[in-house]
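Each chain, letter by letter, is given below.
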Amino acid sequence: MTYTEGKLFVGGEWTEPAGGHYDVVDPATERVVGPAPEASREQVRDAARAAADAFGPWSRTRPEERAAILDRAADLMQRDFTAHAELAQAESGATTGTARGMQVAVGVARFRRYARGALEPVEQGLPPQINDAGPMGKAGVVGALALRRPVGVVTCITSYNNPWANPAGKVAPALAMGNTVVVKPAPQDPLSVYRMAAALEEAGVPPGVVNVVSGASADVGQAAVEAPEVDMVSFTGSTAVGQAIGEVCGRTMKRQLMELGGKGAAVVFADADLDSAVAGIGTTYAFYSGQICTAPTRALVHRSVYDAFVAKLRAYTGFMKVGDPRVKGTVVGPVISAAHRDRIESYVELGRKEGATVVTGGDRPEGPGTGFYVAPTLLADCTNDMRVVREEIFGPVVAVVPFDGDEDEAVALADDSDYGLIDYVWSGDVAKAFRVARRLRAGGVGVNTVARNMEAPFGGFKKSGVGRDVGSYALHAYSELQSIVWPG
């Protein structure tokens, strides 16, 4: 069946939504991008049932067959690359480079990665164990095998900041391992996920293996989590929502993979290359208009280089052109909605009241007559007890906190947070940087870089999440370990 705009994808059929439609709005122009389907709770349950019915046959398919489907899906996504990037940009407000290079291209790459992942070994032979005679039987040798098995039906609830890479990072490894999925996209930009489902359908994924249900109502997500057919929930989003999902999962022992909030600390020591630190922090905190959980939004800077750092970061921010994401040279596009823009602005005003100095930004940028824009904002003279330092703002706002002491003080400041997703360390002494990195309570640490290694495990400590994905770790996340033993 051919993809039809405005319909749900349930059990291999493009289905009219029981709840009608709502408008997806372009954050840059405030024009309607298209109609998004609003599922009912019963339709979500239908999707979960379809996934449960499809699980047995799909989990028993040969890994080579699953790999071929994922590879074909990647080919089809690449075939329609330009149209996909234009839609992703319209839905999310991403700049052209981001929509193409960091959204669709990464989505395609993840399907290719997990086409290979479907062929990775799932069995590991363990050393035989020699057992003495006892109540359990005669003496003998017992062999053992540890193998990874698919979890079952996985509900994938995705974030709005990347409508291609984030869903692909859940769906592709889940399918590679033999799971079936119910995908609940973010309400702000679900249309790209339906395009992804259409590519999978065309690639030959069997009915019910992939299901997509969207909605602006919280009921849709709740139903996708609560459905008794669901064995696991993979969620990317805020810590508050993740905690609510975790409570539901705990009642029925559903497995969880949670990638939640972040308030990344960037520790800048006196011996750091300030230009490198400023470029890394400046680029990343405004990336996706600051709507990224890995951003180093807390800069902890040694007092001896504090003034120089703030001056350099202010100058760097001045080169960040804010405006229409479709115009060449734009660095910072809009945030996702008017409500989110207002939330970010309220945090900046709170920072002023708390005693922070607004070095640059803080006002609504001039120029765009429409759209939800926030100027990149640099807050100096901050302390670690300020809410703008402690809470995730999820916008282009960075707070700079000075410290006077040594490694111990830097680590204490960095770890004085509810979050622990990605931290950063800048120092000319690489041994010191690695020593500090090992002490930080964060799921990842960048040493003199904001780059990512896409095979390294990704996830958070503390309230930044549960579990790890990316690379082969994602395959592990969407599987259960089973042991088989036998007499030698």
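Look up a bit, the structure's there.
Cut-offs and rules
- Residues numbered from 1 in each chain as written.
- Predicted model: local features only at pLDDT ≥ 70, side-chain atom pairs only at ≥ 80, totals over all residues.
- Heavy atoms only, no water.
- Phe/Tyr/Trp six-rings, centres within 6.5 Å; stacked < 30°, edge-to-face > 60°.
- Helix = DSSP H or I, 4+ residues; strand = E, 2+ residues; numbered from the N terminus.
- Buried < 20%, exposed > 50% of the residue type's maximum accessible area, 1.4 Å probe, protein only.
- Lys NZ or Arg CZ within 6 Å of the ring centre and 35° of its normal.
- Contact = heavy atoms within 4.5 Å.
- 1 Å grid on protein atoms, 1.4 Å probe; cavity = no way out; pocket = protein on both sides within 12 Å on 5 of 7 lines; lining within 4 Å.
- Points joined across faces, edges and corners; volume = space filled by probe spheres on them.
- Nonpolar A, V, L, I, M, F, W, Y, C, P; charged D, E, K, R; others polar.
- Pairing = 2+ DSSP bridges.

Asker: Before we go on, may I ask you to explain the packing of aromatic side chains in this structure?
Answerer: As enumerated under the stated definition, the model contains 5 aromatic pairs in all. Measuring from ring centre to ring centre gives 5.9 Å for phenylalanine 269 and phenylalanine 403, while their planes differ by 90°; the resulting arrangement is edge-to-face. Of the two residues, phenylalanine 269 sits in the loop between strand S12 (265-268) and helix H9 (274-286) while phenylalanine 403 sits in strand S16 (residues 397-403), which places them 134 residues apart along the sequence. In this structure, phenylalanine 269 and phenylalanine 403 share a single accessibility class: buried. Measuring from ring centre to ring centre gives 6.2 Å for tyrosine 424 and tryptophan 426, while their planes differ by 25°; the resulting arrangement is stacked. Judged by its relative accessible area of 4%, tyrosine 424 is buried. Taken together, the ring pairs in this structure connect Phe9, Trp14 and Tyr194 into an aromatic cluster. Directly above the ring of phenylalanine 458 sits arginine 452, whose terminal nitrogen or CZ lies 4.2 Å from the centroid.

Asker: How do you make sense of the side chain of asparagine 162 when you look at a structure like this?
Answerer: Relative to the assigned elements, asparagine 162 resides in the loop between strand S7 (153-157) and helix H5 (165-176). Given the relative accessible area of 8%, asparagine 162 is considered buried. Once you skip the residues sitting within four places of it in the chain, asparagine 162 turns out to touch Met102, Gln103, Pro167 and Tyr288.

Asker: What am I meant to see in unusual backbone geometry here?
Answerer: Excluding glycine, most residues fall at negative phi; most peptide bonds, likewise, are trans. Phi at methionine 253 takes a positive value of approximately 60°, unusual for a residue other than glycine. Its relative accessible area of 59% is what places methionine 253 among the exposed residues. Phi at asparagine 448 takes a positive value of approximately 55°, unusual for a residue other than glycine. The class of asparagine 448 is partly exposed, set by a relative accessible area of 28%.

Asker: Even after reading the chapter, I still don't get empty space enclosed by the protein, so can you show me in this structure?
Answerer: Taken as a whole and assessed by the stated rule, the structure comprises 3 cavities of 30 Å³ or more. A volume near 60 Å³ is recorded for the largest cavity. Around the largest cavity, the lining residues are Gly262, Lys263, Gly290, Ile292, Cys293, Ala295, Thr297, Glu392, Ile393, Phe394 and Val397. When the residues that make up the lining of the largest cavity are grouped by side-chain class, the tally is 6 nonpolar, 3 polar and 2 charged.

Asker: Explain the pairing of strand S15 (residues 377-380) here, please?
Answerer: Each regular strand displays side chains that alternate between the two surfaces of the sheet. Side chains Thr377 and Leu379 project from S15 onto one buried face, and the interleaved Leu378 and Ala380 project onto a second face that is buried too. Of the pairings in the sheet, the one linking strand S14 (residues 357-360) to S15 comprises 3 bridges and is antiparallel in character. Along S15, the bridge assignment pairs threonine 357 with alanine 380. Note that S15 and S16 share 3 bridges and pair parallel. Across the sheet, threonine 377 pairs through a bridge with valine 397, a residue of S16.

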